[in-house]
Amino acid sequence: LDLTWISEAIQGDNSDASDLRSGRTARVGARASRVVRVLRLVRILKLYKAYYEAKQRKAERERRKQQGELEDDWDEADYEALENGHTRDTESRVGKKLSEMTTRRVICLILAMLLCLPLLSKETADQTPYSATYGANHVWEAFEAKQADNSTANGLKYDNALLQYIYYHNWYVGNHAGTYCPENNCAGLYLGSLFWFGLAGQSTDTSFTTSLEYTQMTSGVLDSWVGSTREDYLTAYGTMPSSIKASLSEPWGRQCATSSQDLVGVSLIDTEVQNANYYKIYCPLDLRLTEIQAYAPSLMQQGQTPYLTFYFDMRPFNRTTALFGLSNTFFVMILLVTASLMFTNDANRLVLRPVEKMIGRIEAIRDKPLLAMKMADDEFKAEEIAKERLQRARKKPWNRICWEISRLSATSRNEVMETVILEKTIIKLGSLLALGFGEAGADIIGKNMSGSDSAGVNAMVPGRKCECIVGVMRVRDFSTATEVLQSKVMMFSNQIAEIVHGVCNEFHGAPNKNTGETFLVIWKQSEDSGLDSEALMAKFAEGSIVSSAAVIGAVHRSPLLGSYREHPGLQYRLGSKCRVHLSIGLHKGWAIEGAVGSEFKIDCSYLSPNVSIATSIERSTEVYNVSVIVAQSVIDLVSYNMRCQLRLIDRVVIRGSPAPMELYCVDLDYMSIELDLTLRPKVPWNTRQRFKVRQWMEQEKNAVLQKDLAEVFETDEVIAQMRECFTVEFFQLFN
């Protein structure tokens, strides 16, 4: 509709008198053009967005090519797939789709408002007739009276009516009021002014020629009319340039034409006027149809010709309308962007960000299933920090008042969103998976969670070979304790497991299988430690030895386990000096990590001849009457200082081993350990305390890799007490 030939085809050329009586068509066209401008602006913004994204992709492609990350023979689809993989965590597909749908619907809503609301209201132009229409009727009546009786009185009446019409809609006052209306009280101070008037019809008709003879004003009337007008009225007429004023008394000779009829009249702006008019307009159609507005008498008969017609210059009105249109467009843009941002913000805050956060947590659990425990701790820490900040804010008087007011006004303040519940449930399920499957089940969790195309579960994932240190820890006389303790044996086993798992975890051990009597602990290579594989395995070997000694000391110092020494049934079966005791065997080798079982039940464990060898080494502790035996495969990894803490006791052939191996023991006198009866403050064992303990244990665990573990045999009071009776002479004699 901004193209001239399209708008002219829709609106017509306003040459018919019936069309001149109504400007509704032009107003509808103007409305439609504004809507089209908004649509075009939205399309331009979308094109710019697509161009900007393509430019960003090209720049990223060039950057990667320069850094050697990409090859030249990759196509565009590969780059887009790679970029989508890198930007997955910034915006999900659900978020992108919801944002596009929200923006599209907001645009449709705004456009529907712009198009429909003006149609549902009555225009102010239909309230009363314009002065242009009323004045045209007044001039037409005087002109018809002059044609019927060309008397002096009728001629003077026609001249006065025409001059009043011309001066009331003075073009020079409307466009240059400062020069031609100094008092700023003229009637022509409007955005549409008369610039051409004349006779319309067919020039070949006799009636047209006859009527044209009556159009010229009487000589001398102009000067007398201008001199008689008073400029001190509330509404004045203003003035005109002298050259234009002189042309009003001349015969109407400016011949023009439209598509259906001829025009003969006078143009008020056909000459150049200094500081007023620099663009000569001879005929109405020298301007575009959107820049002119024609008026004809509404009191003449239907189809009557010839008739008087008056053309108004609407260029100032169009310029003002264009400015308001731009303002309207910018207002719509601001409204559109604001509404879109508000809708998007609500969607992001309530749905998308929680969903994307959940997706991120699921992907993290898929990559590192054991990370779920740390997630739970981090989430609990964030909750505690938020609660603490809220408590501090409430202590301030003004915040306290505001909070009380908001609490009274809010009806559902304590309601928790379903997305928050779902996110916390995911963390809890991940933590339970990590506890249930352990290190051996990490691959099962990761591979099943990586397949997002199906909800099926494949628990029978092929095993994986790994190098590890196998520790077998057996509770002595467990069968006897089971017969005596009966239902309390579960508590008995869990109390021992708490010590074994806690101490081994501090030294980077991964507790695996627990049969009640036997604990299987694995030290395997990890990529998160920052050490190379050889140094890491050396640290793990030393840690397994130190943790074995620490487990023995912790078991004999525990007041809970010490209470079983006085159990009548155990004393009757095992003697008066019975104690809860463990024997430990350590061996290094390969093992197959994976699921053992069927589709009905699986256990994540380690299968290998080396596990059997470690079990045989642990059984040999009864033969040699020691608590901890370490195989040569583990001793080969440790440092000289750590090796000095152990004693070589034998060289044997164990079933499953292709070659003889040396056996070393850690000499520990556990009978010298007394119970730890220190009174400690009673602290409620809740979620907060568990979090603090886990944080402290994590710090201790990280510090293990940075210190010399051989020094623990001297610095740890319990281990040093158990080794106090073993002198240098003893090691020299029996090593």
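Preceding this paragraph is the structure being described.
Values in this document were obtained by computation on a predicted structure and should not be read as measured data. (Residues numbered from 1 in each chain as written. Predicted model: local features only at pLDDT ≥ 70, side-chain atom pairs only at ≥ 80, totals over all residues. Heavy atoms only, no water.)

S.K.: So what's going on with the pattern of salt bridges? Residues and values would help.
M.R.: Here the idea is simple: oppositely charged side chains can pair when their charged atoms come close. For the structure on display, the rule yields 13 salt bridges. The shortest N-O distance in the salt bridge between Arg464 and Glu593 comes to 2.9 Å. With a gap of 129 residues between them, Arg464 in strand 6 (residues 464-475) and Glu593 in strand 9 (residues 582-597) connect regions that are remote in the sequence. Judged by its relative accessible area of 39%, Arg464 falls in the partly exposed class. Glu483 is the partner of Arg573 in a salt bridge, and the nearest nitrogen-oxygen pair spans 3.0 Å. (Salt bridge = Lys/Arg side-chain N within 4 Å of Asp/Glu carboxyl O. Helix = DSSP H or I, 4+ residues; strand = E, 2+ residues; numbered from the N terminus. Buried < 20%, exposed > 50% of the residue type's maximum accessible area, 1.4 Å probe, protein only.)

S.K.: Please give an account of the packing of aromatic side chains that cites residues and values.
M.R.: Within the structure shown, the criterion is met by 16 aromatic pairs. Seen in terms of ring centroids, Trp171 and Tyr172 are 4.9 Å apart; in terms of plane orientation they differ by 80°. Their pairing is edge-to-face. For the pair Trp171 and Tyr172, a shared accessibility class is recorded, and that class is buried. Taken together, a centroid distance of 5.9 Å and an interplanar angle of 75° make the contact between Trp196 and Tyr311 edge-to-face. (Phe/Tyr/Trp six-rings, centres within 6.5 Å; stacked < 30°, edge-to-face > 60°.)

S.K.: A description of the sheet that holds strand 1 (residues 193-201) should follow, citing residues and the corresponding values.
M.R.: On the basis of which strands lie adjacent, the open sheet formed by five strands has the order 2-3-1-5-4 and antiparallel pairing. For this open sheet the edge positions go to strand 2 (254-257) and strand 4 (292-295), each flanked by a neighbour on one side alone. Adjacent strand axes in the sheet meet at a mean angle of 30° when their direction is disregarded. Sheet analysis places strand 1 next to strand 5 (residues 307-313), joined by seven bridges and oriented antiparallel. Its bridge partner being in strand 5, Gly198 is matched across the sheet by Thr309. Together, strand 4 and strand 5 form the strand contacts of helix 6 (residues 131-148), whose direction differs from that of strand 5 by roughly 150°. (Pairing = 2+ DSSP bridges. Axes fitted to C-alpha atoms, helices over the stretch in contact; angles between N-to-C directions. Contact = heavy atoms within 4.5 Å.)

Honestly, that's just the spatial picture; any functional story needs more than this.
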